[in-house]
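Structural description and commentary
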Amino acid sequence: MQATMADRIAIEDISPGVEQGRFAAKAIVGQPVNVTAVIFADGHDVLAARVRWRCTQRDAQEGTAQDWHTETLTLVRPLGNDLWEGVFTPTSVGTHEFVIEAWWDLYGTYHYELSKKHAAGVPIALELQEGQAHVARALEHITAGSEQARALEALLAKLKAAKDEKEQVALLLSRDTLSLMQQCDPQHHLSRSAAMPLDVDRERAVFASWYELFPRSEGPEPDRHGTFNDVHARLPMIRDMGFDVLYFPPIHPIGHSHRKGRNNTLTPGPDDPGSPYAIGNEHGGHEAIHPELGTREDFRDLVAAAREHDLEIALDFAIQCSPDHPWLAEHPGWFAWRPDGTIRYAENPPKKYEDIVNVDFYTEDAIPGLWLALRDVVQGWVDEGVKIFRVDNPHTKPFPFWEWLIADIRSRDPSVIFFAEAFTRPAIMARLGKVGFTMSYTYFTWRNTKPELTEYLTQLNESPLRECYRPNFFVNTPDINPTFLQGSGRPGFLIRAALATMGSGLWGMYSGFELCEAAPVPGKEEYLDSEKYQLKARDYFAPGNISAEIARLNWIRRQNPALQTHLNVRFYTIDNDRIVYFVKATPDMDNVVLIAVSLDPFHAQSGNFELPLWELGLDDHADTHGEDLMTGHRWVWHGKWQTTHLTPQMPFGIWRLRPAQ
């Protein structure tokens, strides 16, 4: 009967997992992966369980299966919910899988029953005979002459030579015997879960500081188009502010048809450079470089120079075309043509993009030609040393396309990172993470009040987002001039910088933020004189800049491991609703950082807040050491309740908490 072969042990609710293993959960190389599962069986027998894991990335390249690694799972909640947990640490980047295995622990069951009966004082003569039988049966299944066989033989001899029942009990209940017998366990009723996929990324996928600039605005004179070579001069400043990713909007040839002028007008002047998102002209498309930026060799030199400054270049991958893109003539079947022979231009009401048309992924000619061409564009830039791509509006392209493309690119180079520019509905943003995007833009840009920030950061720490979605807290973009920044002045920029850098391991800013640029198009969250449509010269040393504060915030992040993820935010009590107060700590509590940020850019705010002394195993009256990480000032805190005073000049406090020695 088939039923007699069915599993007797149930393995349920495996974590990390995304949709029961339909998609891969996310992890970081060298960082522990916490595994949990609910495991139980009929009856009262003791169970044993383990997690087995391996890297599958090299299988396709070498054609050989990787070795399985094993870690023990421990029953942490034996009463009520049968929760088991364990930890393993991936040591390489790429695709992985893990399985949970469980079986009846025969000797563990015997060990438990013998200890209970012995403690109760009931006769155990028969149980002692059963103990010797357990050891003898184990010896029958172990390779003769092995270390374990010799240990079992020695144990059996000691049991037979024991002078009394007490000595036998001591031998059978010893930790050494239990460990030895579990090593030799025949694993009766072994059950195995389905394999759970895991994508293991490099550290920059979870901890990075992004800086965005337009290379064309870096010319030595205000009206001269900048080049890749001009960007070299900016590298030391960007590095010294603590950034490690330098991101460029599209660097490709820009179309002429319907070119946009200053402030998004439809009447450009002869010298207007156009929007870099209108990709393609007679010089090429997505694979080409805009001639005024320089040559391919210039680009390679910039990538190398950035690397010498510990900066990594990220490029924009925008799947859209100007009407002059070579694909319209070479592959007209990749587009959806209207009855009058035109193509509908792109729209995102109320925004209109008359200089852009979109491809159609599901025309007869587009499959597979368009898909392969776009894959080859990305691979071409990977071959040039670019390993990070910010993807424009991925939520308007097919999910199956992204799942295929990202897997294809990462099958050859698992270090490649894809960043989703997706300001859309939560389920869609999460789905992009599931299909392979490494990180994403977020709603953080519009979360300004204490309840909004508390709710959003809490959601990011909970399933399912914690397994599949990594948030990058960009404070502004060329498209988004947040309302909060438009009228809050320098204090507002400090507030948002503190929230972004402390709230997530990933954050970013578009150039001009450090100068507190905020002039809007009236009534809109857009920049007046937007750099998307014109060159924009800046004095990065202008009075009132916050470059030093940004540099310090980035330095604090690098020095404190607790700040290098978004997955450890805990909110605590402060008696002022205009101050948000949270704590981030490493699992071992070796690094504990307290963050208090005033949300009021115009007035001083004070509040009484609690130190989480219980998290350190301290009572409410203990002394602790505090350190202001912005200034380096140190002191001793007495007791649980403390007071802070935050001003518009310094609207946040970042303190490291240590137990008193």
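Residues numbered from 1 in each chain as written. Predicted model: local features only at pLDDT ≥ 70, side-chain atom pairs only at ≥ 80, totals over all residues. Heavy atoms only, no water.

Reading across the sheet, the 8 strands line up as S17-S16-S15-S12-S11-S10-S19-S18 and stay open at both edges, with parallel pairing between neighbours. Of all strands in the sheet, those with a lone pairing partner are strand S17 (439-440) and strand S18 (472-474), marking the two edges. Summarising the sheet, strand S15 (residues 388-392) and strand S16 (residues 417-421) pair through 5 bridges and their orientation is parallel. Counted as the bridge partner of Arg390 is Phe419 from S16. Running over the sheet, helix H11 (residues 366-383) touches strand S12 (312-317), S15 and S16 and is turned about 165 degrees from S12. (Pairing = 2+ DSSP bridges. Helix = DSSP H or I, 4+ residues; strand = E, 2+ residues; numbered from the N terminus. Contact = heavy atoms within 4.5 Å. Axes fitted to C-alpha atoms, helices over the stretch in contact; angles between N-to-C directions.)

Once that is clear, we can look at the nonpolar core. Core analysis: the biggest nonpolar cluster contains 124 residues, and Ile39, Ile100, Phe389, Trp402 and Phe418 have the highest contact counts within it. If you tally residues by element for this core, the top one is H11, at 9 residues. Those residues in contact with Trp402, other than ones at most four positions away along the chain, are Phe317, Ile319, Val391, Pro394, Lys397, Ala407, Leu432, Val435 and Phe437. In this structure, Val206, Ala318, Ala346 and Leu506 belong to the second largest nonpolar core, which totals 22 residues. (Core = buried A, V, L, I, M, F, W, Y, C linked by side-chain atoms within 4.5 Å. Buried < 20%, exposed > 50% of the residue type's maximum accessible area, 1.4 Å probe, protein only.)

What follows concerns the UniProt feature "active site" (unreviewed entry) in the protein chain. Here the UniProt feature "active site" (unreviewed entry) sits at Asp392 and Glu421. Across 30 residues of sequence, these annotated residues stay compact in space, with a maximum C-alpha separation of 5.3 Å. Mapping Asp392 onto the fold places it in strand S15. Given the relative accessible area of 6%, Asp392 is considered buried. (UniProt positions renumbered as here; feature names shortened; annotations may be inferred.)

With that settled, consider the sheet that holds strand S20 (residues 569-571). Strand order in the open sheet made by the 6 strands is S20-S21-S22-S27-S24-S25, with antiparallel pairing throughout. Each of the sheet's edge strands pairs with one partner strand only, and the pair in question is S20 and strand S25 (634-638). Pairwise comparison of adjacent strand axes, ignoring direction, gives a mean angle of 30 degrees for this sheet. Sheet topology places strand S24 (residues 623-628) next to S25; 5 bridges connect them, and they run antiparallel. Bridge pairing in S25 links His625 to Val636.

Per the UniProt record, the feature "binding site: alpha-maltose 1-phosphate" (unreviewed entry) sits at Lys260, Gln320, Asp355, Asn393, Lys532 and Tyr533. Summarising the element assignment, Asn393 is placed in the loop between S15 and helix H12 (399-412). You can call Asn393 partly exposed: its relative accessible area is 28%. Here Asp392 takes part through its side chain, which lies 3.5 Å from a polar atom of the side chain of Asn393. Inspection of the secondary structure puts Lys532 in the loop between strand S19 (506-510) and helix H18 (547-559). Relative accessible area serves as the criterion here: at 8%, Lys532 is assigned to the buried category. When neighbours within four sequence positions are excluded, Lys532 is seen to be in contact with Phe214, Arg216, Gly274, Ser275, Pro276, Tyr277, Pro478 and Asp479. (Polar contact = N/O pair within 3.5 Å; in protein donor to acceptor, adjacent residues only side chain to side chain.)

A separate point is the packing of aromatic side chains. In this structure the tally under the stated criterion is 38 aromatic pairs. Judged by centre distance (6.1 Å) and plane angle (65 degrees), the ring pair of Trp210 and Tyr247 falls under edge-to-face. On the criterion of sequence distance, the pair formed by Trp210 in strand S10 (residues 208-212) and Tyr247 in strand S11 (residues 245-248) is long-range, its members being 37 residues apart. Assessed through its relative accessible area of 1%, Trp210 is described here as buried. When the ring of Tyr362 is compared with that of Trp371, the centres are 5.8 Å apart and the planes differ by 80 degrees; the resulting orientation is edge-to-face. On the accessibility criterion, Trp371 (13% relative accessible area) is buried. We note Arg496 situated over the ring of Phe444; from NZ or CZ to the ring centre the distance is 4.2 Å. (Phe/Tyr/Trp six-rings, centres within 6.5 Å; stacked < 30°, edge-to-face > 60°. Lys NZ or Arg CZ within 6 Å of the ring centre and 35° of its normal.)

Packing of helix H17 (residues 489-503) against H18 brings their axes to within 10 Å, and their N-to-C directions diverge by 15 degrees. If you check the angle between H17 and H18, you find them roughly parallel. Of the two elements, H17 crosses H18, and the hand of that crossing is right-handed. Residues Arg490, Leu494, Ala497, Ala498, Thr501 and Met502 of H17 lie in contact with H18, whose contacting residues are Glu549, Leu553, Asn554, Ile556 and Arg557. (Parallel < 35°, antiparallel > 145°, perpendicular 65-115°, else oblique. Left-handed = near helix turned anticlockwise from the far one by under 90°.)

Further remarks concern the pattern of salt bridges. In the structure shown here, the tally under the stated rule is 40 salt bridges. Lys532 is paired through a salt bridge with Asp479; the nearest N and O atoms lie 2.6 Å apart. Here Asp479 lies in the loop between S18 and helix H16 (483-486) and Lys532 lies in the loop between S19 and H18, a separation of 53 residues in the sequence. Taken together, the shared-partner salt bridges connect Arg50, Arg52, Glu101 and Arg192 into one network. (Salt bridge = Lys/Arg side-chain N within 4 Å of Asp/Glu carboxyl O.)

Looking at the element boundaries, Ser606 is found in strand S23 (residues 605-610). Of the residues examined, Ser606 reaches a relative accessible area of 37% and is grouped as partly exposed. For Ser606 and Ala660, which are 54 residues apart along the polypeptide, the C-alpha to C-alpha distance reads 26 Å. When neighbours within four sequence positions are excluded, Ser606 is seen to be in contact with Asn576, Ile579, Thr644 and His645.

We now examine the side chain of Asp272. Inspection of the secondary structure puts Asp272 in the loop between S11 and helix H9 (296-308). Overall, Asp272 belongs to the buried group, its relative accessible area being 12%. Within the structure, the side chain of Asp272 is placed 2.7 Å from the backbone nitrogen of Gly269, a separation counted as a polar contact.

Here we come to the side chain of Gln534. Counting through the fold element by element, Gln534 comes out in the loop between S19 and H18. For Gln534, a relative accessible area of 7% puts it in the buried group. Look past the residues within four positions of Gln534 in its chain and what remains in contact with it is Arg216, Ser217, Arg262, Pro273 and Asp529.

The next thing to look at is unusual backbone geometry. Cis peptide bonds are those with omega within 30 degrees of zero, and the linkage from Ser15 to Pro16 qualifies with 5 degrees. Positionally, Pro16 belongs in the loop between strand S1 (9-15) and strand S2 (25-28). That bond from Ile367 to Pro368 is cis: its omega, 5 degrees, falls within 30 degrees of zero. On the secondary structure map, Pro368 appears in helix H11. The residue Asn263 is not glycine, and still its phi comes out positive at about 55 degrees. Counting through the fold element by element, Asn263 comes out in the loop between S11 and H9. Phi is positive for Asn393, close to 45 degrees, though the residue is something other than glycine.

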